[in-house]
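Each chain is listed here by its residues.
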Amino acid sequence: MMVCGLLKSTYLLLIAGLLTFYAGPVQAQSADADNGEVIYAKRCQQCHGEEGDGLGPAAERLNPPPRDFTLGLYKIKSSAFEEDFPNDDDLLRMVRDGMPGTAMPGWSDLLTDQEIRDVVAYIKIFAEIEEEPEQQIDFGTQVASSAESIAAGKELYHADDRCSECHGNDGKGNAIKKLKDDNGDRTWPRNLTKPWTFRASNEPKDIFTRITAGIPTTQMPSFADPKSKKVLNIEERWHVANYVASLAKEIEVVRPENTVIQAGRIDGDLPAKPDDPAWNSAPPSTFFMVPQIVGKERFYTATNDTISVRALYNDTHIAINLEWDDRTMSIPGDDQAIAIADEEIYQDAIAVQWPIKIVEGMEKPYFLMGDTSKPVNLWRWSSGTTQEPESVAVFDAAGIGQQQPRGDTGELVATGSYQAGTWRVVMIRPLNTDATDNDLQFEEGRFIPVAFFAWDGSNSENGSRLAMTTWYWLLLKPPPSAMPMVAAIIIALLVAAVLIFWGRSAAAGRKE
Amino acid sequence: MAMKIPRLLQAALVLIGVYVGFIVVFDVLLQAIIPSSLLAMYMFFVTAGVFMVFTYDEEGTRELVAPIKALVEDPSKRLIRNIVFVIVPLAAGAATYFQMQPSFEAPVELRTIHPAPPTTAKIYGKQVNLLKLENPFRELEKEDPDQFRELVDEGAAVYIRNCQFCHGDKLDGNGPYAAGLNPTPLNFQDVGTIAQLQESYLFWRISTGGPGLPKEAAPWISSMPVWQDFLTEDEIWKVILYLYDYTGHEPRSWEHE
């Protein structure tokens, strides 16, 4: 693994080195827009449209929609805020590296540098961009990140509600403000704690660039504009960039190799409240969530994209702690919640899916709510309305749209709390129930399939309009036992005895 | 003859070489870390094989065990014998200890990615013979290239509206939702996927989706939708044209085999 990582980073360094080396000569070559047109027709127009207007066949299903090239306005832009158009290097970068968190991939593996240059030359024709912008961002001297710089940045972030106005006090994009792009489409302020969703990166230099030039076509303004009441000087912008970079989640991040939620065993009562400090001892497993586009009715624009899960158990019960960022607390009936919501508002909700029995061998129920031959259980928590409190229900499901709520939830209980753009919900149930035919019976040391579904009610998510995961595992980790040590001592003694016996009999053989 | 490597050392070197070879090929070159249980199984067979080869005749066997025999029986090797007699039991104890530690690694799920297709399958309510099924548009590739190009473009639109979310704009299995799915979507650029398959196979896989897979392919974890619920037959055939056209692969056909 170590060697592997080392090789990989050496390789990347090598590539980076080559890129820097070639940047000069490639730039000097002229770009061939005619060749760019040919490449565009094969690789780009399916999304961006023949006319470059972003109205390809998938436009209404893509979130965010494909860029409209006829305006010449781009999110990644390192020319000064006074300029409309980006630099060629910005366009090259977007094509080469892609736009994380969107359907736009990086093309450097299929297209050469020259081909990317040709495509960019062609794309510029849609907006009749002829010359590169003159005025550039003044980066001054980069302020290295430090505790002081981050503290100064935090101060500026909150002062006059400068950034917190949209991005929220904790950077989760949870300020109650309805944003739109120039096209009138709904946009959400970036959750600054999820750097993997940044279109560029969360390197301070990239963040500085966005703060300085603004993000064209969105409501993110330039903070270098002297006409702005919230203008910042260069040094201040570096402080804010360092602060924003420091907001990145460190613990609740997806680690692809982590597919098992390990529930530790504790003595005494399980923590029933989501913010109980006892949860700090449980390591989270974080999974990506994707919109449900597998079963009817397909849904493309879910807002939840990750969920972090912790679990603990004692001799009688199991507790699951679910944590996910949600910019809106969706309470039907609440005026503020309705104002921020899309057309229809539902309760926020989360569901945990279990097989009815621990699987023997490989065969599990169908990952998307089971099927008739192998149904599943769903534990579903809903956030409540102004009329009714939060609630939890057990469903028997045999396929999407085939969920039957049980009248009686047995001893399953759930408590949620919403703080600073994050929901935390704890569900507790006895390890064993009387309904052994319908309920999963938890067993220590067994790998139990588990999956998750989430609904953002303010995004009109309800029914099969949801975000989902595929199957992962829960393991009730047995407490450490003395068995391995006892067995090790017995084996060592046995082996020693055999060797000594062998040596002795050999010696006896020589004497004879 | 130059200095001869003792036979026991030879056997040990072969085993170490194979072990390192597995690690280099899978973990380093292919970047696909080999599960420890699988590696243990491979090494078991390799060890058995090496043992059989090295004990093929009697003299070879004698040569192989000679150093071990000498260690136990030769009085001049007393010091080294005592050292070995301490180290071996300790090593056996340690191996037992670590072996008995409970594993928190997810169970390995082996599945066939391209299972053998059935001869017939029920698709769009009809019983279809997959051996005889052909892409109705394929012949236009030669007969009417212009119309064929239009069909490919229509296939592209179907793909972008429906498939790229998982399989990606570049058909490389790396669409925006790919990281959230397990198993991950197939990479059509890879020479090991559609380039190895017939168009009828793709038609079967697309129309019946994950739930249409046979058991050895673990239909319960595949997130491939059942496309006959969403697309027309013609749309599926057109999207197949697009998959081959974009990647430059040729579908396999009976004539070539």
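What counts, and where the lines are drawn
Residues numbered from 1 in each chain as written. Chains lettered and ligands numbered in written order. Predicted model: local features only at pLDDT ≥ 70, side-chain atom pairs only at ≥ 80, totals over all residues. Heavy atoms only, no water. Helix = DSSP H or I, 4+ residues; strand = E, 2+ residues; numbered from the N terminus. Rg over C-alpha atoms; globule rule 2.2 N^0.38 Å. Buried < 20%, exposed > 50% of the residue type's maximum accessible area, 1.4 Å probe, protein only. Contact = heavy atoms within 4.5 Å. Areas by Shrake-Rupley, 256 points an atom, 1.4 Å probe, with all protein chains shown as cover. Lys, Arg positive; Asp, Glu negative; His and termini not counted. Charge placed at Lys NZ, Arg CZ, Asp CG, Glu CD. 1 Å grid on protein atoms, 1.4 Å probe; cavity = no way out; pocket = protein on both sides within 12 Å on 5 of 7 lines; lining within 4 Å. Points joined across faces, edges and corners; volume = space filled by probe spheres on them. Nonpolar A, V, L, I, M, F, W, Y, C, P; charged D, E, K, R; others polar. pLDDT = per-residue confidence, 0-100. Salt bridge = Lys/Arg side-chain N within 4 Å of Asp/Glu carboxyl O. Domains from an automatic or database assignment. Buried area = accessible area lost by both parts, 1.4 Å probe. Core = buried A, V, L, I, M, F, W, Y, C linked by side-chain atoms within 4.5 Å. Polar contact = N/O pair within 3.5 Å; in protein donor to acceptor, adjacent residues only side chain to side chain. Expected span 1.5 Å × (residues − 1). Pairing = 2+ DSSP bridges. Phe/Tyr/Trp six-rings, centres within 6.5 Å; stacked < 30°, edge-to-face > 60°. Lys NZ or Arg CZ within 6 Å of the ring centre and 35° of its normal. Patch = residues over 30% accessible without salt bridge, like charges linked within 9 Å, V, L, I, M, F, W, Y side chains within 5 Å.

1. Quick notes on the overall build of chain B
Now for step 1: A tally of regular secondary structure across chain B gives nine helices and two strands.
Now for step 2: Going residue by residue from the N terminus, the α and β elements of chain B occur as α-α-α-α-β-β-α-α-α-α-α.
Now for step 3: Taken over the C-alpha trace, chain B has a radius of gyration of 28 Å; the compact-globule value for 257 residues is 18 Å, which it surpasses by more than 25%.
Now for step 4: Along the three orthogonal principal directions, the C-alpha set of chain B runs to about 90 × 45 × 30 Å.
Now for step 5: In chain B, which comprises 257 residues, the proportion classed as buried is 39%.
Now for step 6: Taking all contacts inside chain B whose residues are at least 6 apart in sequence as the whole, residues at least 24 apart take part in 59%.
Now for step 7: As displayed, chain B has an accessible area near 14600 Å², and 63% of this comes from carbon and sulfur atoms.
Now for step 8: Side-chain charges in chain B split into 20 positive and 31 negative, and the spacing between the mean points of these groups amounts to 12 Å.

2. Things to note about the overall build of chain A
Now for step 1: The helix and strand inventory of chain A stands at 11 helices and 16 strands.
Now for step 2: Overall size of chain A, expressed as C-alpha extent along the three principal axes, is 95 × 80 × 50 Å.
Now for step 3: Counting over 512 residues, chain A shows a buried share of 51%.
Now for step 4: Expressed as a percentage of contacts within chain A between residues at least 6 apart in sequence, the contacts between residues at least 24 apart total 65%.

3. Side note on empty space enclosed by the protein
Residues and elements named next belong to chain A.
Now for step 1: This structure, assessed with the given rule, holds one cavity of 30 Å³ or more.
Now for step 2: Roughly 60 Å³ of volume is contained in the largest cavity.
Now for step 3: Around the largest cavity, the lining residues are Lys194, Trp196, Lys249, Glu252, Thr306, Ile307, Ser308, Glu323, Trp324 and Asp325.
Now for step 4: Looking at the lining of the largest cavity, the elements with two or more residues in it are strand E6 (306-313) and strand E7 (317-325).
Now for step 5: Tallied by class, the residues present in the lining of the largest cavity amount to three nonpolar, two polar and five charged.

4. Description of the confidence of the model for chain B
Do not read the fine detail of predicted coordinates wherever pLDDT is low.
Now for step 1: Model confidence for chain B is summarised by a mean pLDDT of 90, while 97% of its residues fall at 70 or above.
Now for step 2: Across chain B, the secondary-structure element scoring lowest on mean pLDDT is helix H3 (residues 58-73) of chain B, at 83, and the one scoring highest is helix H9 (residues 233-247) of chain B, at 97.

5. Here we look at the pattern of salt bridges
Now for step 1: Applying the stated criterion to the full structure yields 29 salt bridges over all chains.
Now for step 2: Among the salt bridges present, the one from Asp97 of chain A reaches Arg96 of chain A, with a minimum N-O distance of 3.4 Å.
Now for step 3: Assessed through its relative accessible area of 45%, Asp97 of chain A is described here as partly exposed.
Now for step 4: Measuring nitrogen to oxygen at the nearest pair gives 3.0 Å for the salt bridge that ties Glu141 of chain B to Arg138 of chain B.
Now for step 5: Of the residues examined, Glu141 of chain B reaches a relative accessible area of 36% and is grouped as partly exposed.
Now for step 6: The exposure class of Arg138 of chain B is buried, given its relative accessible area of 19%.
Now for step 7: The network of salt bridges with shared partners includes Glu252, Arg310, Glu323 and Arg424 of chain A.

6. Section: the domain arrangement of chain B
Now for step 1: The domain architecture assigned to chain B consists of domain 1 (7-100) and domain 2 (120-256).
Now for step 2: Its C-alpha centre places domain 1 of chain B at a distance of 48 Å from the equivalent point of domain 2 of chain B.

7. As for the interface of chain B and chain A
Now for step 1: Contact with chain B, which involves 59 residues of that partner, is made by 63 residues of chain A.
Now for step 2: Roughly 5200 Å² is buried in total at the junction of chain B and chain A, and carbon and sulfur atoms are behind 69% of that figure.
Now for step 3: For the chain B face of the interface with chain A, the top three residues by lost area are Phe104, Arg161 and Trp220 of chain B, together amounting to 15%.
Now for step 4: Viewed at the interface, chain A and chain B are joined by four salt bridges.
Now for step 5: Put simply, Asp109 of chain A and Lys170 of chain B hold a salt bridge, and the shortest N to O gap is 2.8 Å.

8. Here we look at the nonpolar core
Now for step 1: Of all hydrophobic cores here, the largest spans 86 residues; its most connected members are Leu368, Met369, Phe453 and Met468 of chain A together with Tyr159, Leu202 and Ile240 of chain B.
Now for step 2: No other element matches H9 of chain B, which puts nine residues into this core.
Now for step 3: What Leu368 of chain A contacts, discounting residues up to four positions off in sequence, is Gln292, Val294, Gly295, Gln353, Gly399, Ile400, Phe453 and Met468 of chain A.
Now for step 4: Residues Phe287, Ile358, Trp379 and Val392 of chain A belong to the second largest nonpolar core, which totals 38 residues.

9. Side note on the environment of Asp245 of chain B
Now for step 1: Here Asp245 of chain B shows up in helix H9.
Now for step 2: Not counting residues within four places of it along the chain, the set of residues in contact with Asp245 of chain B comprises Lys42 of chain A together with Arg149 and Val152 of chain B.
Now for step 3: There is a polar contact of 2.8 Å between the side chain of Asp245 of chain B and the side chain of Arg149 of chain B.

10. Remarks on helix H9 (residues 234-246) of chain A
Residues and elements named next belong to chain A.
Now for step 1: For H9, with 13 residues, the first-to-last C-alpha span of 19 Å sits near the 18 Å given by 1.5 Å per residue.
Now for step 2: Burial in H9 covers these residues: Arg237, Trp238, His239, Val240, Ala241, Asn242, Tyr243, Val244 and Ala245.
Now for step 3: Tucked into the core, H9 has its buried residues touching helix H6 (147-158) and helix H8 (204-213).
Now for step 4: The distance from a side-chain oxygen at the start of H9 to the backbone nitrogen of Glu235 is 3.1 Å, and the residue carrying that oxygen is Asn233.

11. Details of unusual backbone geometry
Now for step 1: Backbone torsion omega between Asn63 of chain A and Pro64 of chain A reads 0°, so that peptide bond is classified as cis.
Now for step 2: Here Pro64 of chain A lies in the loop between helix H3 (45-48) and helix H4 (88-97).
Now for step 3: Across the junction of Asn182 of chain B and Pro183 of chain B, the peptide omega takes the value 5°, indicating a cis bond.
Now for step 4: Looking at the secondary structure, you find Pro183 of chain B in the loop between helix H7 (164-167) and helix H8 (199-208).
Now for step 5: Phi angles above zero are rare outside glycine, and Ala420 of chain A is one such case at about 45°.
Now for step 6: Examined against the element boundaries, Ala420 of chain A turns out to sit in the loop between strand E12 (413-419) and strand E13 (422-430).

12. Some points on the pairing of strand E1 (residues 120-123) of chain B
Residue and element names in this part refer to chain B.
Now for step 1: Alternating residues of E1 divide into Ala121 and Ile123, all buried, and Thr120 and Lys122, none buried.
Now for step 2: The sheet contact formed by E1 and strand E2 (residues 126-129) spans four bridges and is antiparallel. By the bridge assignment, Ala121 is partnered in E2 with Val128.
Now for step 3: Between E1 and E2, which pair antiparallel one after the other, the connecting turn spans two residues, and Tyr124 there sits at a positive phi close to 50°.

13. Topic: the pairing of E13 of chain A
All names here are of chain A.
Now for step 1: Of all nine residues that make up E13, eight are buried, and the element is covered over most of its length.
Now for step 2: In terms of strand pairing, E7 meets E13 through nine bridges, oriented antiparallel. Among the inter-strand pairings, Ile320 is bridged to a residue of E13, identified as Met427.
Now for step 3: Bridge count for E12 against E13 is seven bridges, and the pairing is antiparallel.

14. Describing the packing of aromatic side chains
Now for step 1: Per the stated rule, a full pass over the model turns up 33 aromatic pairs over all chains.
Now for step 2: Aromatic side chains Phe287 of chain A and Phe452 of chain A sit 6.1 Å apart centroid to centroid with 20° between the ring planes, which places their arrangement in the stacked category. Pair noted here: Phe287 of chain A is in strand E4 (residues 285-288) and Phe452 of chain A is in strand E14 (residues 447-455), with a separation of 165 residues, a long-range link. There is no split in this pair, since Phe287 of chain A and Phe452 of chain A are both buried.
Now for step 3: Aromatic rings pair up to connect Tyr40, Phe69, Tyr74, Tyr122 and Phe126 of chain A into one cluster.
Now for step 4: Across the ring face of Tyr246 of chain B, the terminal group of Lys42 of chain A is positioned such that the distance to the ring centre comes to 4.6 Å.
Now for step 5: In this structure, Arg298 of chain A packs its charged tip against the face of Phe230 of chain B, placed 5.1 Å from the ring centre.

15. Some points on a negative patch on the surface
Now for step 1: A surface patch of like charges, here negative, comprises Glu50 and Glu51 of chain A together with Asp146, Glu150 and Asp153 of chain B.
Now for step 2: Secondary-structure assignment places Asp153 of chain B in helix H6 (residues 145-162).

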